[in-house]
Amino acid sequence: MFRSVGQDHGAGIAIGRRVFLGMAGLGVLGVVFGSKVQRVVGDALSPLTSGGGGLASILPGADGFRIYSVSSTLPSISTSRYRLRVDGLVDHPMVLTFADLQSMPHTSLVRDFQCVTGWRVPDVHWAGVRLSGILGAAGVQPAARALTFESYDGTDFESLTLDQAGRPDVIVADRMLGGPVTSEHGGPVRLFVAPMYGYKSLKWLSAIHVVDRVSPGFWEQNGYDVDAWVGSSNGRSDERTS
Ligand SMILES: Nc1nc2c(c(=O)[nH]1)N[C@H]1C(S)=C(S)[C@@H](COP(=O)(O)O)O[C@H]1N2
Ligand SMILES: [Mo]
């Protein structure tokens, strides 16, 4: 079923680089920052602000989302070139194709999508493979405690504890908003961590490394909480709804 690649990372890195070089450079694309991150990182990254219509030009229709990318490009990856590497503290390192993922059991979720900066899209339809199912196929080793996720954008990365990753509402999503995940939204495959703020839902997911401790992701290194529970992190204290 899945192609196992053993411990040699060479092939996967080559795939990653090829896909990376194939990204469509959009020039104007940047990121809309929340106040906290914006204060911390300041002009280290180019914020895509209003005034000029840059953002409007990449806003997809009327789905209510804002398109974020901390890199200056929007990766454009075809389903045929897409690969998801799963390695680290696992018995069976794998490189999954898009077809591999599609052949695995799927879970559907209808959940609000909540960015920590305040915007929210209610009742978004998602579908994908439970992260726990992928980890089960890979065979997580006893020393494992956490996961590190990488993106084809080459810049953003994220983390979850193994416990968080095992929740049934954490999926590797190949469908969103009633269709395939579009490039803008991180397709063909992104993470969707339903109980947490949007920054945990890494777009253009390229790799899952199983590791022995949490190492804070891009947004966390720039000021956001590592545990990103909606309503009870990042200064919020309302009750969790999930
Ligand atoms: N690779 C990548 N993933 C990312 C981000 C990003 O900039 N790059 N932004 C995060 C944040 S803060 C949010 S709120 C959501 C936004 O998802 P959208 O761009 O599909 O609206 O993506 C998350 N995943
Ligand atoms: Mo966000």
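Nothing here was measured: the structure is a model prediction, and the numbers come from that model.

Trainee: How would you sum up the environment of M104? Please name residues and give values.
Mentor: As for its placement among the helices and strands, M104 is situated in the loop between α4 (98–103) and β6 (107–114). On the basis of relative accessible area, M104 is assigned to the buried category, the value being 9%. Taking the C-alpha atoms as reference, M104 lies 8.7 Å from I134; in sequence the two are 30 residues apart.

Trainee: Break down the site of ligand 1 for me, with residues and values.
Mentor: With respect to spatial proximity, 21 residues lie near ligand 1, and among them R66, D153, H185, R190 and K203 are the closest. Backbone polar atom of S201 to a nitrogen atom of ligand 1: 3.0 Å apart, as the coordinates give it. Contact with the protein chains covers 100% of the free accessible surface of ligand 1, which is 530 Å². Class assignment for the residues of the shell around ligand 1 results in eleven nonpolar, five polar and five charged.

Trainee: If you had to explain helix α5 (residues 131–138) to someone new, which residues and values would you point to?
Mentor: The complete set of buried residues in α5 reads L131, I134, L135 and A138. Buried residues in α5, looked at end-on, bunch into an arc of 100°, giving them a common side. Phi turns positive, to about 75°, at G139, one or two residues after α5.

Trainee: Could you give an account of the packing of aromatic side chains, naming the residues involved and the relevant values?
Mentor: A complete count under the given rule lists twelve aromatic pairs for this structure. For the pair F65 and F113, a centre-to-centre distance of 4.9 Å together with 45° between the ring planes defines the contact as tilted. Residue F65 is located in the loop between α3 (54–58) and β3 (73–74), and its partner F113 is located in strand β6; the two are separated by 48 residues in the primary sequence. For F65, a relative accessible area of 3% translates into the label buried.

Trainee: Give me the confidence of the model for the protein: which residues, what numbers.
Mentor: Residues with a pLDDT of 70 or more make up 73% of the protein, whose mean pLDDT is 80. Under a pLDDT of 50 for its full length, residues 1–61 has, in the predicted model, 98 contacts with residues more than four places off or in other chains.

The rules behind each value
- Residues numbered from 1 in each chain as written.
- Chains lettered and ligands numbered in written order.
- Predicted model: local features only at pLDDT ≥ 70, side-chain atom pairs only at ≥ 80, totals over all residues.
- Heavy atoms only, no water.
- Helix = DSSP H or I, 4+ residues; strand = E, 2+ residues; numbered from the N terminus.
- Buried < 20%, exposed > 50% of the residue type's maximum accessible area, 1.4 Å probe, protein only.
- Near = heavy atom within 4 Å.
- Polar contact = N/O pair within 3.5 Å; in protein donor to acceptor, adjacent residues only side chain to side chain.
- Areas by Shrake-Rupley, 256 points an atom, 1.4 Å probe, with all protein chains shown as cover.
- Nonpolar A, V, L, I, M, F, W, Y, C, P; charged D, E, K, R; others polar.
- Arc of directions from axis to C-beta.
- Phe/Tyr/Trp six-rings, centres within 6.5 Å; stacked < 30°, edge-to-face > 60°.
- pLDDT = per-residue confidence, 0-100.
- Contact = heavy atoms within 4.5 Å.

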